[in-house]
Amino acid sequence: MKHSPEMIAALAGTMRSSVSRRRLLQVAGISSVAVAAAACGTGGDDGTASEGSAPQDVSDTEKTVDWSNWVEYMDIDEDTGAYPTLERFQEESGISVNYTEDVNDNNEFYAKVRTQLEQGQDIDRDIVVLTDWMAALWIQNGFAQKLDKASIPNSANLIPRLQSVSFDEPRDFTLPWQGGFAGLGYNIARYQEATGNSEMTSLDQLFDPALRGRITLLSEMRDTMGCIIAWQGNDPANFTQEQFEQAIDALTEQVQNGQIRQVTGNDYLAALESGDVIGVIGWSGDIFALGEDFGFALPESGGTLWTDNMLVPSTSTHKKNAEAVMNFYYDPEVAAEVAAYINYLCPVEGAQEAMVAIDPELAENPYIFPTEEFLNQTSVFMELTPEQNEQYERLFQTAIGN
Amino acid sequence: MAAVLPASTSTQQPPTVKRRSRTAYFLLAPGMGWLAVFFAVPFITLFVTSLQVPVPGQSGRYMPAFDLMNYPEALSAYSEQFIRSFVYAGIATVLALIIAYPLAYFIAFRGGQWKGLLLVLVIAPTFASFLLRTYAWRTILADEGPITSFLNALSVLPQDRILNTGIAVIAGLTYNFLPFMILPLYAALDRMDPRLIEASGDLYAHPATTFRKVVWPLSLPGVVAGTLLTFIPAFGDYINAQLLGSTGDRMIGNAIQINFIQFRDYPIAAALSIMLMALILVIVFVYIRRAGTEELV
């Protein structure tokens, strides 16, 4: 059913002599939506699709939804490889979900679909999960559809802390999937062996010369730089250019003296597990998933809090189905089930109570169900203008050898 | 007589020559079409992109222009990565040659009935994904793995580790492109008449002299082809540096990748790609001239 504008153009070119104009219009009509959207995309060079370009929702006739999410971000039955909550949703709603774990990196994913989004071509996804700043970029560029809260009644369960965010006030386009913290992760036994300490609680300890060449940082600029900015006594949620550059200098020093072995994305987990790496700046849920031999702590100076958000791409034709999925996962019982497996910050109010029945210990875990005071130790990285973002990314990448 | 014959043939030949050439063009068409669509067009697009300038006030958007300054800018920002790529790919190529030559020689002259099997063994690793094979090196070279432990016991490693150092990147490059060195070398050596080696021995040449005066010169086409097939992909590779290297081991491929994906600075990334191609072209040209084997390749 999906015809790209190029294909229509090609069809028009080859058929011009033999096919009536009427027939041609029929062919074009099949994807008039795509053509209209494409016209919109090329007409305005600013890439902002207008409200009217949202494609027609065919959710009622096509009971499917395509969902792109990050790796290991869903409860899974390890024996069968099935996703229990997802299966239940499909049974209850009759909507079949095509769940793909193909978001590995915000920038990479954006690079993959950007051209299509700009031209209004269907990217074949109805829900994508993106980190705050990338979600902000999609909203700015008109690549997200406004959610109909009436069909997501459970969205009222969103925890207060995440109800208003600067990039999407008041959550018109996005709903958090999970949140998490960037902080210190370490191999307990090896850390003790190398330094004599059993707990790592500050960046000073991470940059201890005894760990030279045995630590990694995250290639996600905001997470790594947020921790360093806080370490220097500044506020990651509100800092100056000068303070950012100071943090870059500190990072450069650690890179050049050989302290830092690598700056990676999800890759750091394998190195931490194998023992090649002893300490990391890593993501909370990841480290918990490694088990009891590994510790995670927010640095005393503060860590960063981020959220990965579900949004419906501007080209999706199954928005209503997507909203049904969101509604399902905002049911506290379901949310608790997911949180019990992936151990990230759960954005659903009431899930903590539901968790008591599943695992009372997890219900007390501040990284999954944080209290206000706990959240006060963390900050959401300052919102950057596109120019700042570009400049800071460059400074960061240069500091880490790219 | 001598004057008549060419004249008579020339009156008869043209039609057949013409028909033959038309067939040739016909047969060439798919290849030329392929080149046009998958090389010429993308190349032109890339070149045009490399001259674009940012749209003022709109981060990540570019408009057509003729900004040659993208080139010096890209070069000054990434000269270090260019040089490193040259050095790493160069060392990997030499290592691959040293490893591959005896192996190819053995298969060609001593392989006997096992030749086929041995060649399959050379190619077999490439059946597994490039990425997986590179990941495997992380296990092989792990800090507490046997290789690193052994070398550390001898205290020969400058950083007390192999993984995430330049050594690991070069090792990865050498390993990954080794089959492309072995195969052309084998093809060249296998074509060689073993009686030439016997004859050299009969003329009282020392085995080393035989190698230097007979085997090596005759295998040169294989050496040139093998080194090029190893050097060119190694020069542009970024997987090995990313998975096996550290922050100080990034190559030019990484710079291109980061500019395309992370910064979305398409003009700089395109300028880097074009310069990489130009540089490889120059290196190959000089190399073939120096090797003096234009007629052999």
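Residues numbered from 1 in each chain as written. Chains lettered and ligands numbered in written order. Predicted model: local features only at pLDDT ≥ 70, side-chain atom pairs only at ≥ 80, totals over all residues. Heavy atoms only, no water.

Turning to the overall build of chain B, a few remarks are in order. The helix and strand inventory of chain B stands at 11 helices and 2 strands. The globule rule puts the C-alpha radius of gyration for 297 residues at 19 Å, and the 25 Å found for chain B is more than 25% above it. The proportion of buried residues among the 297 residues of chain B is 41%. Long-range contacts, defined here as pairs at least 24 residues apart, represent 69% of the contacts in chain B between residues at least 6 apart. (Helix = DSSP H or I, 4+ residues; strand = E, 2+ residues; numbered from the N terminus. Rg over C-alpha atoms; globule rule 2.2 N^0.38 Å. Buried < 20%, exposed > 50% of the residue type's maximum accessible area, 1.4 Å probe, protein only. Contact = heavy atoms within 4.5 Å.)

Across its full length, chain A carries 18 helices and 10 strands. Counting only residues that meet the buried cut, chain A has 55% of its 402 residues in that class. Working note: accessible area of chain A is about 16800 Å², and carbon and sulfur atoms make up 48% of it. (Areas by Shrake-Rupley, 256 points an atom, 1.4 Å probe, with all protein chains shown as cover.)

What follows deals with the interface of chain A and chain B. Tallying the contact residues gives 32 residues for chain A and 30 residues for chain B. Together chain A and chain B conceal approximately 2700 Å² of surface at their shared face, both sides included; 35% is due to carbon and sulfur atoms. When residues of the side of chain A that touches chain B are traced back to their parent elements, those giving at least two are α5 (106–118), α6 (132–140), β6 (260–264) and α18 (386–399) of chain A. Residue classes in the side of chain A that touches chain B are distributed as 10 nonpolar, 8 polar and 14 charged. (Buried area = accessible area lost by both parts, 1.4 Å probe. Nonpolar A, V, L, I, M, F, W, Y, C, P; charged D, E, K, R; others polar.)

Turning our eyes to something else, we now look at the nonpolar core. Ranked by size, the top nonpolar core spans 119 residues in total, and within it W67(A), W138(A), L251(A) and Y329(A) carry the most contacts. No other element matches α6(A), which puts 7 residues into this core. Counting the residues that make up this core, at least three belong to each of domain 2 (59–177 + 308–363) and domain 3 (180–305 + 381–399) of chain A. Excluding residues that lie within four positions of it along the chain, W67(A) makes contacts with M74(A), L86(A), V97(A), N98(A), Y99(A), T100(A), I127(A), V129(A), W177(A), M310(A), V325(A) and Y329(A). Formed by 35 residues, the second largest nonpolar core is a distinct cluster that contains A74(B), A241(B), A270(B) and L272(B). (Core = buried A, V, L, I, M, F, W, Y, C linked by side-chain atoms within 4.5 Å. Domains from an automatic or database assignment.)

What follows covers the pattern of salt bridges. Residues and elements named next belong to chain A. According to the stated counting rule, one finds 16 salt bridges over all chains in the structure shown. Measuring nitrogen to oxygen at the nearest pair gives 2.7 Å for the salt bridge that ties D102 to R125. Pair noted here: D102 is in strand β2 (residues 96–103) and R125 is in the loop between α5 and β3 (127–131), with a separation of 23 residues, a long-range link. Residue classification places R125 among the buried residues on the basis of a relative accessible area of 14%. (Salt bridge = Lys/Arg side-chain N within 4 Å of Asp/Glu carboxyl O.)

Turning next to the side chain of D249(B). Residues and elements named next belong to chain B. Mapping D249 onto the fold places it in the loop between α9 (239–244) and α10 (252–262). No salt bridge is formed by the buried D249, whose closest oppositely charged neighbour, R84, lies at an N-O distance of 5.2 Å. If we ignore the near neighbours within four places in the chain, the residues touching D249 are R84, Y88, N164, T165, G166, V169 and A241. (Lys, Arg positive; Asp, Glu negative; His and termini not counted.)

Let's shift gears to unusual backbone geometry. At the junction of E169(A) and P170(A), the peptide bond is cis and its omega measures out at -5 degrees in the coordinates. You can see P170(A) is positioned in the loop between α6 and β4 (174–187). Phi is positive for N164(B), close to 65 degrees, though the residue is something other than glycine. Positionally, N164(B) belongs in the loop between α5 (146–153) and α6 (166–191).

Turning our eyes to something else, we now look at the confidence of the model for chain A. Here chain A averages 85 in pLDDT, while 87% of its residues score no lower than 70. In the model, residues 1–52 of chain A has pLDDT below 50 throughout and makes 41 contacts with residues more than four positions away in sequence or in other chains. (pLDDT = per-residue confidence, 0-100.)

Further remarks concern the packing of helix α2 (residues 70–110) of chain B against helix α11 (residues 266–291) of chain B. Residue and element names in this part refer to chain B. Relative to each other, α2 and α11 sit at 50 degrees, their axes nearing to 10 Å. Here α2 lies oblique to α11, going by the angle between them. The way α2 lies across α11 gives a crossing that is right-handed. In contact with N70, Y71, E73, A74, L75, Y78, F82 and F86 of α2, α11 contributes P267, I268, A271, L272, I274, M275, L276, L279 and I283. (Axes fitted to C-alpha atoms, helices over the stretch in contact; angles between N-to-C directions. Parallel < 35°, antiparallel > 145°, perpendicular 65-115°, else oblique. Left-handed = near helix turned anticlockwise from the far one by under 90°.)

Residue and element names in this part refer to chain A. Relative to the elements of secondary structure, V103 occurs in strand β2. Through-space distance from the C-alpha of V103 to that of V71 is 7.0 Å; in sequence the pair is 32 residues apart. Among all residues touching V103, those that are not within four sequence positions of it are S68, N69, W70, V71, F109 and V129.

Turning next to the packing of α2(B) against α10(B). All names here are of chain B. Interaxial distance between α2 and α10 falls to 7 Å at its minimum, and their mutual angle equals 140 degrees. Between α2 and α10, the angle is such that the two are oblique. Across from Y78, Q81, F82 and S85 in α2, the residues of α10 making contact are I252, A255, I258 and N259. Residue composition of the contact of α2 with α10, grouped by class: 5 nonpolar, 3 polar and no charged.

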